[in-house]
Amino acid sequence: MAYINDYAYYANSGAIPEDKNWGSYQYVSLNDVVNNFMLMYQGNHELINNLNRYQVLFHAKRGIQELNYDAMKEVKVLQLDLDDNLRFILPSDYVNWVRISQFLNGVLYPLTENIQTGWATTYLQDNNSKILYDQDGNVLKPQFSQVDTSFTSGAKTIYLNESSAYNTQSGWNVDGRWYFDFAVGARFGLNTETANANPTFSIDKQRGVINFSSIGGGASVVVEYISDGMEQGEDGSISVNKLFEEYLYAYVRYSLLNGRLGVQEYVVNRARKDKSSLLRNAKIRLSNIHPGRLLMNMRGQDKWLK
Amino acid sequence: MINSVRNTVLAIANKNNYGYISPQDFNLYAQQAQMDLFEDYFYQYNAWTNKENQRLSGTGYADIVKGLVEVIDNFSVTRSLAQQGANLFNLPSDYYLVNKINYYPTQITSGTTTAAALNTLTDANATFVTSGIKVGQQVANTTATSSYSGFSGFVISVDSETQLTLSYSPFGVAATIGNTYGIFNTTGIVEVERVNQNKIFYLNNSPLTAPSTGFPAYVLGGASSSVIGDANTGKLGNTITVYPSTITNNGSVTAEYIRYPLSPKWTYQTLNSGEPLFDINQADYQDFELPLSDEPGIVSKICQYVGIEIREGDVYNFGNQEEVKNNQIQT
């Protein structure tokens, strides 16, 4: 990004939106990455020549995508209310989720993923369980399967432990939460992995929705997710943290050399090692390990555990 | 230089009264010789670039490539491209090779000239001050049929709402009155990348690399007129198709290209004796555009043509040997 003065940074030079440039200095734009690479790393006297810009653009974008998948901490957060089918439509730039929570009374309650399927496709069948077809020979499909309706209607799953000591017991509801008499002794049969009073969710990737169980329609859900950094195809908006800038050049250089004819193997290997070490460096830098922060963490080492 | 070349050639050819070279013939040979040497610069540039990479060329006075580039750069021209329709633009008729195509994404205003003057844009209907025209912005003549089509200049001063002072004269003659113009911001310019015809389909269909206004692309096409260089139709030379197809702003696409050298013309006055006398003041006079250091090469080339014309092998052989020797020195 080009250098800008303070007025442009803090007030966007009087234009709207005012916060357009806030924090922008930590990023380098895709335009700059491609431009710098074409200027500095390709040419008659460089390792790579006779290069099309779109090749650099492609590998630069691929590099940014890879960084977004695991190395960067660019988590996006989207809050939406569920529809009547207890579904949360995946964000348009969704690639993978980080954490999904229910926002209730000003508090975020992290939800647990139901690793069992909560959705299924089904075919229409007659009384003899024979599959029904339309006139074109295609199978007839209802909109929702029994699994779908069962899951979204809050039906019990294995996570609701009917063998629980609290099952069918009387308790007290205080501020929307249930309290029971303290049970003495061991409790068997509880799935500790999912021992959570909050609703569970299941991601239907094919349909592009998150299904929820045991949750009311209209409930507010917050999804923290990662994208690929492509900003819906807006090339001008794509950027990458400056800590990864050198890595990105190395990634593009390696990708180009690796795919070229007649490049010696030691040159490709050098580029590969260069890329790998720069990625490690960038990750360490981005992890923000400071002595002061470590000191605060280490202070807990002598804490007594009850 | 052209008179010196001609005198040298005549001296060589006439040494034993071999024959006489008419001015018309000389001009033809001069054009051929200049084109030959001009093209040779690009091959030399490539050869010497490779030698540089092998450490066979040095820096400073040993920097051969630098000298070659300086000569080639003399022929570099920047022109705004006339729009033929939608995203199709005409290349200038005098281009030898396209160096770069640039896209000016932000047009400030456009209009039609109402007067002509050197280094001036006058439009009685314009509101330059109100429109935010500033010093440094580019003004281009966007009338495809104008002989000044594509000529451009930078704003030096905003004189009034209706007049600008420019660094060049795209509207310098009376014939340009009524020509259209466009004024473009000179920030945010992006290079339009050359893509081969066989790649553009894949490029347009690739989500990651599809041309955008930030990374536009173009493909070179054939001439849009059946008569290449037909100035009457305004469809000159080849065309380029720019992608994304939303780039349709007339005057927003600019070419930096290497033009052909102008045809040399030895002009003269005819004396009563019939002897032509060199006259540099003729309107169509044109000297060689190659540097003075190329004079021996040009003489050698012309001697070869002359040797064939007057059927004198010695003259041809002399020119040929001189050229071979010259090439050996340079390599």
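None of the values given here were measured: they were computed from a predicted structure. (Residues numbered from 1 in each chain as written. Chains lettered and ligands numbered in written order. Predicted model: local features only at pLDDT ≥ 70, side-chain atom pairs only at ≥ 80, totals over all residues. Heavy atoms only, no water.)

Draft legend 1. The overall build of chain B, seen in detail. Within chain B, the regular secondary structure consists of seven helices and 17 strands. The C-alpha extent of chain B, read off along each of the three principal axes, is 75 × 55 × 45 Å. Per-residue burial over chain B gives 44% buried out of 331 residues. Of the contacts formed within chain B by residues at least 6 apart in sequence, a portion of 68% connects residues at least 24 apart. Looking at chain B as shown, the accessible area adds up to about 16300 Å², and 50% of this sits on carbon and sulfur atoms. Charged side chains in chain B number 16 positive and 28 negative. The centres of these two groups are separated by 6 Å. (Helix = DSSP H or I, 4+ residues; strand = E, 2+ residues; numbered from the N terminus. Buried < 20%, exposed > 50% of the residue type's maximum accessible area, 1.4 Å probe, protein only. Contact = heavy atoms within 4.5 Å. Areas by Shrake-Rupley, 256 points an atom, 1.4 Å probe, with all protein chains shown as cover. Lys, Arg positive; Asp, Glu negative; His and termini not counted. Charge placed at Lys NZ, Arg CZ, Asp CG, Glu CD.)

Draft legend 2. Layout of the interface of chain B and chain A. Across the boundary between the two partners, chain B contributes 16 residues, which contact 15 residues of chain A. The three residues of chain B that bury the most area against chain A are B:Glu193, B:Leu208 and B:Phe215, which together make up 52% of that side's buried surface. Counting every contact that joins chain B to chain A gives zero salt bridges. Linking chain B with chain A are 10 residue pairs in polar contact (both at pLDDT 80 or more). Elements that contribute at least two residues to the side of chain B that touches chain A include exactly α2 (23-53), β12 (190-194) and α5 (197-204) of chain B. By residue number, the principal contributor to the side of chain B that touches chain A is α2(B), which donates four residues. (Buried area = accessible area lost by both parts, 1.4 Å probe. Salt bridge = Lys/Arg side-chain N within 4 Å of Asp/Glu carboxyl O. Polar contact = N/O pair within 3.5 Å; in protein donor to acceptor, adjacent residues only side chain to side chain.)

Draft legend 3. Spatial organisation of the packing of α2(B) against helix α3 (residues 64-73) of chain B. Residues and elements named next belong to chain B. Relative to each other, α2 and α3 sit at 155 degrees, their axes nearing to 9 Å. The angle between α2 and α3 falls in the class roughly antiparallel. Of the two possible hands of crossing, α2 and α3 adopt the one that is left-handed. On the side of α2, the interface is formed by Tyr41, Phe42, Gln44, Tyr45, Trp48, Thr49 and Glu52, while α3 contributes Ile64, Val65, Leu68, Val69, Val71 and Ile72. Among the residues forming the contact of α2 with α3, the class breakdown is 10 nonpolar, two polar and one charged. (Axes fitted to C-alpha atoms, helices over the stretch in contact; angles between N-to-C directions. Parallel < 35°, antiparallel > 145°, perpendicular 65-115°, else oblique. Left-handed = near helix turned anticlockwise from the far one by under 90°. Nonpolar A, V, L, I, M, F, W, Y, C, P; charged D, E, K, R; others polar.)

Draft legend 4. How the structure looks around the sheet that holds strand β2 (residues 75-81) of chain A. All names here are of chain A. In space, the four strands of this open sheet follow the order β2-β11-β4-β5, with antiparallel pairing throughout. Lying at the two open borders of the sheet, with one neighbouring strand each, are β2 and β5 (107-110). Strand-to-strand, the axes of this sheet are offset by a mean angle of 30 degrees, without reference to chain direction. Pairing between strand β4 (residues 96-104) and β5: four bridges, direction antiparallel. Within β5, the residue paired with Gln102 across the bridge is Tyr109. (Pairing = 2+ DSSP bridges.)

Draft legend 5. Local environment of the sheet that holds strand β9 (residues 200-204) of chain A. Residue and element names in this part refer to chain A. If you walk across this open sheet you meet the four strands as β3-β10-β9-β6, and the pairing is mixed. Each having just a single partner strand, β3 (87-89) and β6 (112-113) make up the two edges of the open sheet. Two strands pair when backbone bridges link them, and β6 and β9 are joined in this way by two bridges, in the parallel orientation. Within the sheet, the bridge partner assigned to Glu113 lies in β9 and is Phe201.

Draft legend 6. A look at the packing of aromatic side chains. All names here are of chain B. Enumeration according to the criterion identifies 23 aromatic pairs over all chains in this entry. Between Phe38 and Phe75, the ring centres sit 4.9 Å apart and the planes meet at 70 degrees, which makes this aromatic pair edge-to-face. Of this pair, Phe38 sits in helix α2 while Phe75 is found in the loop between α3 and β1 (76-80), placing the two residues 37 residues apart along the sequence. Phe75 matches Phe38 in its accessibility class, with the two residues each being buried. For the ring pair Trp266 and Phe278, a centre distance of 5.6 Å and an interplane angle of 20 degrees mean the geometry is stacked. Separated by 12 residues along the polypeptide, Trp266 in the loop between β15 (253-259) and β16 (268-270) and Phe278 in strand β17 (residues 276-278) bring together distant segments of the chain. Relative accessible area serves as the criterion here: at 2%, Trp266 is assigned to the buried category. One aromatic cluster is present, formed by Phe38, Phe42, Phe75, Tyr96 and Tyr260 through successive ring pairs. Geometry around Phe26 places Arg6 over its ring, the cationic atom sitting 5.9 Å from the centre. (Phe/Tyr/Trp six-rings, centres within 6.5 Å; stacked < 30°, edge-to-face > 60°. Lys NZ or Arg CZ within 6 Å of the ring centre and 35° of its normal.)

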